[in-house]
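Now for the letters of each chain:
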Amino acid sequence: MYIFFWSLFLTVIERHGLAAWSDFLTRLFSSFVQNMLTVIPSLYLVDYLRPIFKNASISSVSVRIVMMMMFASVVSMTLVMLIMVNVGWIEYDHHAFVADLLFDTLKTGGFTLIFLLYFLRHHRELNALKSSFEYKLMAENDMIKARMAPHFFFNTLNTLVSLIESNPPKAASLLQHISALFRASFNGAHEISFEEEIALCEHYLAIETSRLADKLEVSWQLPDEDIMYDMVITAFTLQSVLERMLLNVVEMTTETIHVTIKVTWQQHWVAITVDIALPKNTLIINHDLRQHMDFHIQAERLRAYFGQSADIKSKVTRTQAVTTIHYSLYDAGS
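Conventions used here
- Residues numbered from 1 in each chain as written.
- Predicted model: local features only at pLDDT ≥ 70, side-chain atom pairs only at ≥ 80, totals over all residues.
- Heavy atoms only, no water.
- Pairing = 2+ DSSP bridges.
- Helix = DSSP H or I, 4+ residues; strand = E, 2+ residues; numbered from the N terminus.
- Axes fitted to C-alpha atoms, helices over the stretch in contact; angles between N-to-C directions.
- Contact = heavy atoms within 4.5 Å.
- Buried < 20%, exposed > 50% of the residue type's maximum accessible area, 1.4 Å probe, protein only.
- 1 Å grid on protein atoms, 1.4 Å probe; cavity = no way out; pocket = protein on both sides within 12 Å on 5 of 7 lines; lining within 4 Å.
- Points joined across faces, edges and corners; volume = space filled by probe spheres on them.
- Nonpolar A, V, L, I, M, F, W, Y, C, P; charged D, E, K, R; others polar.
- Salt bridge = Lys/Arg side-chain N within 4 Å of Asp/Glu carboxyl O.
- Patch = residues over 30% accessible without salt bridge, like charges linked within 9 Å, V, L, I, M, F, W, Y side chains within 5 Å.
- Areas by Shrake-Rupley, 256 points an atom, 1.4 Å probe, with all protein chains shown as cover.

**Regarding the sheet that holds strand β7 (residues 320–328)**
Then step 1. Taken in spatial order, the five strands make up an open sheet running β2-β4-β5-β7-β6, and their pairing is mixed. The outermost strands of the open sheet, each flanked by one partner alone, are β2 (216–221) and β6 (311–316). Mean inter-strand twist for the sheet, computed between neighbouring axes without regard to direction, equals 15 degrees.
Then step 2. Strand direction decides the pairing type here: β2 and strand β4 (residues 257–266), joined by six bridges, are parallel. Residue pairing across strands places S219 opposite T260, the latter belonging to β4.
Then step 3. Where helix α8 (residues 194–212) meets the sheet, it contacts β2, β4, β5 (269–277) and β7, and its direction lies at approximately 165 degrees from that of β2.
Then step 4. Sitting on the sheet, helix α12 (residues 296–306) touches β6 and β7, and the angle it makes with β6 is about 150 degrees.

**Description of the environment of A277**
Then step 1. Its location among the elements puts A277 in strand β5.
Then step 2. A277 sits in the partly exposed class, given a relative accessible area of 30%.
Then step 3. When the C-alpha positions of A277 and V322 are compared, they lie 8.7 Å apart, and in sequence the two are 45 residues distant.

**Some remarks on the layout of surface pockets**
Then step 1. When its volume is computed, the largest pocket comes out at roughly 1,400 Å³.
Then step 2. Only α1 (2–13), α2 (21–48), α3 (50–54), α4 (58–87) and α5 (94–148) provide two or more residues apiece to the lining of the largest pocket.
Then step 3. With twelve residues, the top contributor of residues to the lining of the largest pocket is α5.

**Quick notes on empty space enclosed by the protein**
Then step 1. This structure, assessed with the given rule, holds one cavity of 30 Å³ or more.
Then step 2. Lining the largest cavity we find T78, M81, L82, V85, Y92 and F97.
Then step 3. When residues of the lining of the largest cavity are assigned to their parent elements, the largest contribution, four residues, is made by α4.
Then step 4. Residue composition of the lining of the largest cavity, grouped by class: five nonpolar, one polar and no charged.

**A few points about the pattern of salt bridges**
Then step 1. Counted under the stated rule, the structure contains seven salt bridges.
Then step 2. Of the charged contacts in the structure, one is a salt bridge between R211 and E208, with a shortest N-O distance of 3.2 Å. Within this pair, R211 and its partner E208 are both found in helix α8, separated by three residues, close to a single helical turn.

**With respect to a nonpolar patch on the surface**
Then step 1. Together, F111, I114, F115, Y118 and F119 make up an exposed nonpolar region whose accessible area comes to about 540 Å².
Then step 2. Examined against the element boundaries, F119 turns out to sit in helix α5.

Structure below.
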């Protein structure tokens with residue numbers, strides 16, 4: 001259908017040089033057959049060469065397709081003209097044939113290039129949409145992992161089972177922490193008060209402390225309550241950082257690990273520093289920790305609520321690992 005209407009369009013453009021309806025129909029038929037012989041074999045050839053084109057650059061593929069279409073146009077027009085001359089529908093004119101052949105070839109190459117530019121733009125839009133969709137899936141997946149990581153879930157169940165038999169009151173307390181943490185996890189990524197985020201972190205740390213026993217010591221350095229009252233943050237941002245550090249440091253050693261969490265709010269900027277002291281034998285831990293200190297997804301989630309200046313950066317040395325959560329926050333009461 002596309003080829004037919006395209007042939008009709010080209011014939012209508014050239015109608016002033018056609019003396020009668022029979023000439024018009026002859027021109028339409030020849031144009032339709034010529035375009036069929038140009039487009040369909042070329043598209044099949046492009047599809048056949050797709051594995052080769054995948055490894056080439058966009059400009060190289062575009063040039064090859066344009067040249068292919070122009071060559072197909074020369075061959076198809078020559079065949080159609082020869083058939084029409086032999087049938088007696090038209091008279092052969094060498095100069096007119098060469099001029100028509102050159103014009104048709106250039107026209108085919110030009111319109112092919114225009115269509116390629118259109119499809120390239122459409123392709124880039126689809127890729128951008130696909131990337132955006134994949135990023136959202138990754139963000140949601142990362143959020144789910146931050147809330148209900150498999151290792152955390154099963155370790156918590158094992159700890160709970162052992163406590164039910166040995167220490168029922170402690171098991172009941174642990175269940176309350178689990179209930180509060182998992183209830184909040186189903187609310188998804190949203191903005192919450194900083195006090196709520198601290199409460200979630202304390203629930204998480206209480207659960208992990210019951211399993212890690214004396215291997216974990218946490219100290220908080222928080223601003224005054226009246227200051228914290230106006231502070232907000234995206235849910236599970238700080239908890240994700242703590243979970244990553246506990247998983248890659250505390251669980252990898254038998255030493256007692258000290259974690260310091262310092263929160264400041266100065267001139268509308270919030271800075272949350274999580275400082276974890278590394279054990280003496282840090283060679284393996286350092287290597288693994290550097291591979292897992294990327295908080296890109298959490299930072300993007302933070303930027304969605306607090307602007308592009310928000311960021312999460314980490315630094316690992318021989319003695320400590322420091323992660324800083326930094327974002328702009330204007331006083332809600334001002």
